[in-house]
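# Secondary and tertiary structure notes
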Amino acid sequence: MENYDIVIIGGGPAGLAAAASARRNGIEKIVILERDKELGGILNQCIHNGFGLHTFKEELTGPEYAGRFIEQVRELGIEYRLNTMVMEISPQKVVTAMNREEGLFEIQAKAVILAMGCRERPRGALNIPGYRPAGIFSAGTAQRLVNMEGYLPGREVVILGSGDIGLIMARRMTLEGAKVKVVAELMPYSGGLKRNIVQCLDDYGIPLKLSHTVVDIQGKDRLTGVTLAEVDEKGKPVPGTEEFYSCDTLLLSVGLIPENELSGGMGVELNPVTSGPRVNESLETNIEGVFACGNVLHVHDLVDFVSEEAASAGKNAASYIQRTDGSELSERTDTYGEAPGTSTDEKERQGEGISGEKSMAQSGRRNRAVRLTAGDGVRYTVPETICASRMDDRLTVRFRVGNVYKNCYVSVYFDEDRVLRRKRPVAAPGEMEEIALTKEQLMRFPELETITVKIEEE
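Computed from a predicted structure; not experimentally measured. (Residues numbered from 1 in each chain as written. Predicted model: local features only at pLDDT ≥ 70, side-chain atom pairs only at ≥ 80, totals over all residues. Heavy atoms only, no water.)

This part covers the overall build of the protein chain. Tallying secondary structure elements over the protein chain gives 10 helices and 25 strands in all. Dimensions of the protein chain along its principal axes, counting C-alpha atoms only, are 80 × 60 × 40 Å. Contacts in the protein chain between residues far apart in sequence, at least 24 positions, make up 62% of those at least 6 positions apart. Element-wise, carbon and sulfur atoms account for 47% of the exposed surface of the protein chain, whose accessible area totals about 20500 Å². (Helix = DSSP H or I, 4+ residues; strand = E, 2+ residues; numbered from the N terminus. Contact = heavy atoms within 4.5 Å. Areas by Shrake-Rupley, 256 points an atom, 1.4 Å probe, with all protein chains shown as cover.)

In structure tokens, the structure reads:
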């Protein structure tokens, strides 16, 4: 059994940023476990630019962005193991993994950071009728084939789904000489960033058909064509709207799913909306000392936000270890309940005194977890609970909306009191939204039970 302070599962942008942050916050014994043959994760196949505008204030390609963090990890002397598959993590934070050099091995961690990223939703989840010919790829698989393996999947392409990877691959396939005939989207709005619709479709004259889906696939050995049809408000195909497109390739960009088999296996509570862990203000799950960040927590639109979130997870994991290793009593609250009482010694250190029930009540209020709820138009929030005494001076709450809203307001309510109202010209499901809460705000509401984030229209 090996022993490490922090074990990070995944060597993509989230794992790298979390590792660098934890080291800079005083943790020495860190190891990254990565199943691929190199660090960097999905960024290695994202050779287009547009990364790093927030983090580095310049435009980088995916490999360049990953390279910046890989360099940091190496300069900081952080250990990593490649070609290493994590098989299981126990609730006691024992990580079971294997690779060809060491075989099966176990690591006892003081803290675990989950940074496994996400995977694409496959054709099997879509119930598309028709044969199963060659020529049907997920957009991410096609991206790897073109950008890393040097293969062109096909010459005549239809793309189902307008997620960012699908939009980017529409442009990439066009630049490689393929003819992208159409991008079809089931929803009445695109699932990708507005800038990608403009730069990847509009600039190349590629049509985007909203409220459309594939209803039939033709071809036995190789794809010969697909039939699209319009769908109604319930997503059901409308008879008489079928349209045939001849093609030899169908790319699927129909959603991303956080990789949480390991998380669920160790008992981490998952949010049914995001399919990622439920976390508190420290990005800590319901299992003490287990943190989550990046696309394994919720699917992001910009990698800069992944790195920012992961840096917070690394810092918070470091604080957790320093708190539990020292003589101080952990102030951890139950993720969805109230904190345990503060010890007599701790109260005296804080100058609160121990005589009288008032100071005890004040302490309990300060350490109570406040629930964040998604209100009208908001699908979820990350985090889901906040303990004011444990949060930094400023906390970023991220969320996605469930529809396209124009000239709307993002409002935040502390119980029944509205404390924030921000105008948004457009809010769409494809673009993550965020608001900032301050410790000072929460401290002004000692009896606060619930924070609600909602969309309000004029």
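Now that the structure has been shown, the text picks up again.
The next point concerns helix α3 (residues 139–149). Considered for burial, the residues of α3 that qualify are Ala139, Gly140, Ala142, Gln143, Val146 and Asn147. Angularly, the buried residues of α3 cover 155° about the axis, an arc narrow enough to put them on a single face. Turning to α3, the residues buried within the fold contact β7 (118–120), β8 (136–138), α4 (164–175) and β15 (249–252). Directly beyond the C-terminal end of α3, a positive phi value near 80° is found at Gly150. (Buried < 20%, exposed > 50% of the residue type's maximum accessible area, 1.4 Å probe, protein only. Arc of directions from axis to C-beta.)

Relative to the helices and strands, Lys234 is located in the loop between β13 (225–230) and β14 (243–246). According to the relative accessible area criterion, Lys234 is exposed, its value standing at 70%. Counting along the chain gives 17 residues from Lys234 to Ile217, while the straight-line C-alpha distance between them is 22 Å.

Let us look at the sheet that holds strand β12 (residues 212–218). Here three strands make up an open sheet; going across it, the order is β12-β13-β14 and the pairing antiparallel. The open sheet terminates on both sides in strands that have one partner only, identified here as β12 and β14. Taken pair by pair, the neighbouring strands of this sheet meet at an average axis angle of 30°, ignoring direction. Of the pairings in the sheet, the one linking β12 to β13 comprises six bridges and is antiparallel in character. When the sheet's bridge partners are listed, Gln218 is paired in β13 with Gly225. (Pairing = 2+ DSSP bridges. Axes fitted to C-alpha atoms, helices over the stretch in contact; angles between N-to-C directions.)

Before going further, it helps to examine the packing of helix α1 (residues 13–24) against helix α7 (residues 303–325). In the contact formed by α1 and α7, the axes pass within 7 Å of each other and the chain directions differ by 40°. Compared by their axis directions, α1 and α7 come out oblique. Crossing handedness for the pair α1 and α7: right-handed. The residues of α7 that touch α1, namely those facing Pro13, Ala14, Ala17, Ala18, Ser21 and Ala22, are Val303, Val306, Ser307, Ala310, Ala311, Gly314, Lys315 and Ala318. For the contact of α1 with α7, the class distribution of residues is 10 nonpolar, three polar and one charged. (Parallel < 35°, antiparallel > 145°, perpendicular 65-115°, else oblique. Left-handed = near helix turned anticlockwise from the far one by under 90°. Nonpolar A, V, L, I, M, F, W, Y, C, P; charged D, E, K, R; others polar.)

Core analysis: the largest hydrophobic core is formed by 63 residues, its most contacted members being Ile6, Ile9 and Leu114. Among the elements that take part in this core, α7 stands out by supplying eight residues, more than any other. Excluding anything up to four places from it in sequence, Ile6 contacts Ala22, Ile27, Lys29, Ile30, Val31, Ala111, Ile113, Ala317, Ala318 and Ile321. If you look at the next biggest cluster of nonpolar residues, it comprises 23 residues, including Ile386, Ala388, Met391 and Cys408. (Core = buried A, V, L, I, M, F, W, Y, C linked by side-chain atoms within 4.5 Å.)

This paragraph deals with the side chain of Arg172. Looking at where Arg172 falls in the secondary structure, it is placed in helix α4. Accessibility expressed as a relative area gives 18% for Arg172, which makes it buried. Of note is the side chain of Arg172, whose polar atom sits 2.9 Å from the side chain of Glu176. Contact partners of Arg172, with chain neighbours within four places excluded, come to Ile47, Val146 and Asn147. (Polar contact = N/O pair within 3.5 Å; in protein donor to acceptor, adjacent residues only side chain to side chain.)

It is worth spelling out a negative patch on the surface at this point. Together, Asp415, Glu416, Asp417 and Glu449 line one region of the surface with negative charge. Here Asp415 falls in the partly exposed class, since its relative accessible area comes to 31%. (Patch = residues over 30% accessible without salt bridge, like charges linked within 9 Å, V, L, I, M, F, W, Y side chains within 5 Å. Salt bridge = Lys/Arg side-chain N within 4 Å of Asp/Glu carboxyl O. Lys, Arg positive; Asp, Glu negative; His and termini not counted. Charge placed at Lys NZ, Arg CZ, Asp CG, Glu CD.)

We now examine the confidence of the model for the protein chain. A residue-level look at the protein chain finds 91% of positions with pLDDT of 70 or above and a mean pLDDT of 90. For residues 327–364, every residue scores under 50 in pLDDT, and the model assigns this stretch 59 contacts once sequence neighbours within four places are set aside. (pLDDT = per-residue confidence, 0-100.)

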